[in-house]
Structures are given as C-alpha cells and as structure tokens.
Amino acid sequence: MEIRELLKKRHALLEGHFGLSSGKHSDVYVQCAKATEYPEDGAIIAARIKEKLDAAGIEVDVVVGPAMGGIIIGYELAKALNVRSMFTERKDGEMCFRRGFAVQPGEKVIICEDVVTTGKSSMETAKAIEAMGGEVVGIGAIVDRTKEQPPLPVYASIKIDANLFEPEQCPLCEKGIALDQPGSRFLKK
C-alpha cells in the first residue's frame, strides 16, 4: 500500500488551516497519531523508512523518538531494524533523556519523528544524544514536510509538499479561516 493512500484511509491527511509545532501555519496537516492507530499501519510505515535507510547504507544501533510524536513510530522503526528504542522528552523546556534511557558513546543513532518540518525537535534531540557521546546518522520520519534541508539527512516514508506560512504572512489568516492547532507542543507541561 502506498503511504499517501494509507494516510487517507486512516483520515490522517487533512486540509484546512493549521498551526504547526514549528510555529508556522499550513494548509495541510498529517495527524500521525491516526496513521499509527493500527499497529499494522505503523509496521508498514516503519518498513518504508527502513527501506530508505537500507538504500542509503545507514547502520543504526538505537532509535530515539522525541516525545510525543516520535514514540510510536520510533518503536516501530526500532522493531523493524531490530535495535533498541528510547525517547526524549521535555523537562524545563529542554529535550532530554529520562526514565533511565542512555545512549552509549559511539552508538549510531537515528532520530525518528512523526513529521519533520524545520527539524527543530530533531536538532534538540540530537543535542541530547551527542551530549552522551552518540553519533546521530539522520532523521527518520513518517512525513518529510521540509522546504529546506535540515542539518541532518531525512529518511521519510513520504514527502508531502504543503504550503508553509509565517503567521504574520498567512493568507489563510487574512481570509479569516479558523486556525486549528492539533499538535502536542502546545499542551501544558
């Protein structure tokens, strides 16, 4: 099954006016929680990411998924790669390891996200990994929504071209279309 069709089937590919966790606005949103609601779908998506990593010759010792969006798909990717899975989460506004998770010096790490738009969460996670001596080899993702290449290569199950707007220059805001913010970054900590 093609990933775009899977996203549509699960009502995860949405159109409207969305506030993204990057701070930008968009006319397209992928509700990745719906894309991985059924375990078989998460396995299909993870297999596609694994194919991209294999094709690039990327070796991985551990998968790290930034909370919240990277936890489920990170676990599924780790399962597909047969490596350890862990996640980072925010504490006092900074992405860090908790719960006893630790990357060993020299381990090759793939960060796994739900959606990559600017790479901000991934780069915060990379900082935590590198502080432990890990080597970040790239970013895996369900969706690559980037307009510019982040500092790390992205290996996504699908690339989706969506319009991205700065809030103060958003034509959807100018038209008075209500803003929906379905992501998790804005949740109270």
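Note: the structure precedes this text.
Residues numbered from 1 in each chain as written. Predicted model: local features only at pLDDT ≥ 70, side-chain atom pairs only at ≥ 80, totals over all residues. Heavy atoms only, no water.

Draft legend 1. Local environment of the overall build of the chain. Helix and strand counts for the chain come out as 6 helices and 9 strands. A globule of 189 residues ought to have a C-alpha radius of gyration of about 16 Å, and the chain, at 16 Å, matches this closely. Seen along its three principal axes, the alpha-carbon backbone of the chain occupies a region of about 50 × 40 × 25 Å. A total of 189 residues make up the chain; the buried ones form 46% of that total. (Helix = DSSP H or I, 4+ residues; strand = E, 2+ residues; numbered from the N terminus. Rg over C-alpha atoms; globule rule 2.2 N^0.38 Å. Buried < 20%, exposed > 50% of the residue type's maximum accessible area, 1.4 Å probe, protein only.)

Draft legend 2. Examining helix H3 (residues 39–55) more closely. The end-to-end C-alpha distance of H3 is 24 Å, a good match for the 24 Å that 17 residues give at a rise of 1.5 Å each. Within H3, burial applies to Asp 41, Gly 42, Ile 45, Ala 46, Ile 49 and Leu 53. All buried residues of H3 lie within an arc of 130° about the axis, which places them on one face of the element. Residues of H3 that are buried in the fold lie against helix H1 (3–9), helix H2 (32–35), helix H4 (70–81), strand E6 (108–116), strand E7 (135–144) and strand E8 (154–159). Just beyond H3, the residue with positive phi is Gly 57, at close to 70°. (Expected span 1.5 Å × (residues − 1). Arc of directions from axis to C-beta. Contact = heavy atoms within 4.5 Å.)

Draft legend 3. Structural context of the nonpolar core. Formed by 28 residues in total, the largest nonpolar core has its most connected members in Leu 7, Ile 45, Val 63, Leu 77, Ile 110 and Val 143. Leave out the neighbours within four places in its chain, and Leu 7 touches Ala 12, Leu 13, Val 30, Ala 35, Val 143, Ile 158 and Ile 160. Counting 17 residues, the second largest nonpolar core, distinct from the first, contains Val 109, Ile 129, Ile 139 and Leu 152. (Core = buried A, V, L, I, M, F, W, Y, C linked by side-chain atoms within 4.5 Å.)

Draft legend 4. Broad picture of the sheet that holds E7. The strand order across the open sheet formed by 6 strands is E5-E4-E3-E6-E7-E8, and the pairing between neighbours is mixed. Both edges of this open sheet fall to strand E5 (94–97) and E8, since each of them pairs with a single strand only. Averaged over neighbouring strand pairs, the angle between their axes works out to 25° when direction is ignored. Looking at chain direction, strand E4 (residues 84–91) and E5 are connected through 4 bridges and run antiparallel. (Pairing = 2+ DSSP bridges. Axes fitted to C-alpha atoms, helices over the stretch in contact; angles between N-to-C directions.)

Draft legend 5. Structural context of the packing of H3 against H4. At a closest axis distance of 8 Å, the pairing of H3 and H4 adopts a crossing angle of 60°. The angle between H3 and H4 falls in the class oblique. Where H3 crosses over H4, the handedness of that crossing is right-handed. From H3, Gly 42, Ala 43, Ile 45, Ala 46, Ile 49, Lys 50 and Leu 53 reach across to H4, where they touch Ile 73, Glu 76, Leu 77, Ala 80 and Leu 81. (Parallel < 35°, antiparallel > 145°, perpendicular 65-115°, else oblique. Left-handed = near helix turned anticlockwise from the far one by under 90°.)

Draft legend 6. Region of the structure containing the pattern of salt bridges. The full count for this structure, using the stated rule, is 12 salt bridges. A salt bridge links Glu 166 to Lys 24; its shortest N-O distance comes to 2.4 Å. Taken together, the residues Glu 166 in the loop between strand E9 (164–165) and helix H6 (171–174) and Lys 24 in the loop between strand E1 (13–19) and strand E2 (25–30) connect sequence positions 142 residues apart. Because the salt bridges share partners, they merge into one network encompassing Arg 10, Glu 40 and Asp 41. (Salt bridge = Lys/Arg side-chain N within 4 Å of Asp/Glu carboxyl O.)

Draft legend 7. A look at the sheet that holds E9. In space, the 3 strands of this open sheet follow the order E1-E2-E9, with antiparallel pairing throughout. The sheet is open, and its two borders are formed by E1 and E9, each paired with just one other strand. Sheet analysis places E2 next to E9, joined by 2 bridges and oriented antiparallel. The residue bridging His 25 from the neighbouring strand is Phe 165, located in E9.

Draft legend 8. Looking closely at the packing of aromatic side chains. The final tally for this structure, using the stated rule, is 2 aromatic pairs. Centroid distance Phe 87 to Phe 101: 5.1 Å. Interplanar angle 70°. Geometry classified as edge-to-face. With Phe 87 in strand E4 and Phe 101 in the loop between E5 and E6, the pair connects residues that are 14 residues apart, well separated along the chain. You can call Phe 101 partly exposed: its relative accessible area is 24%. (Phe/Tyr/Trp six-rings, centres within 6.5 Å; stacked < 30°, edge-to-face > 60°.)

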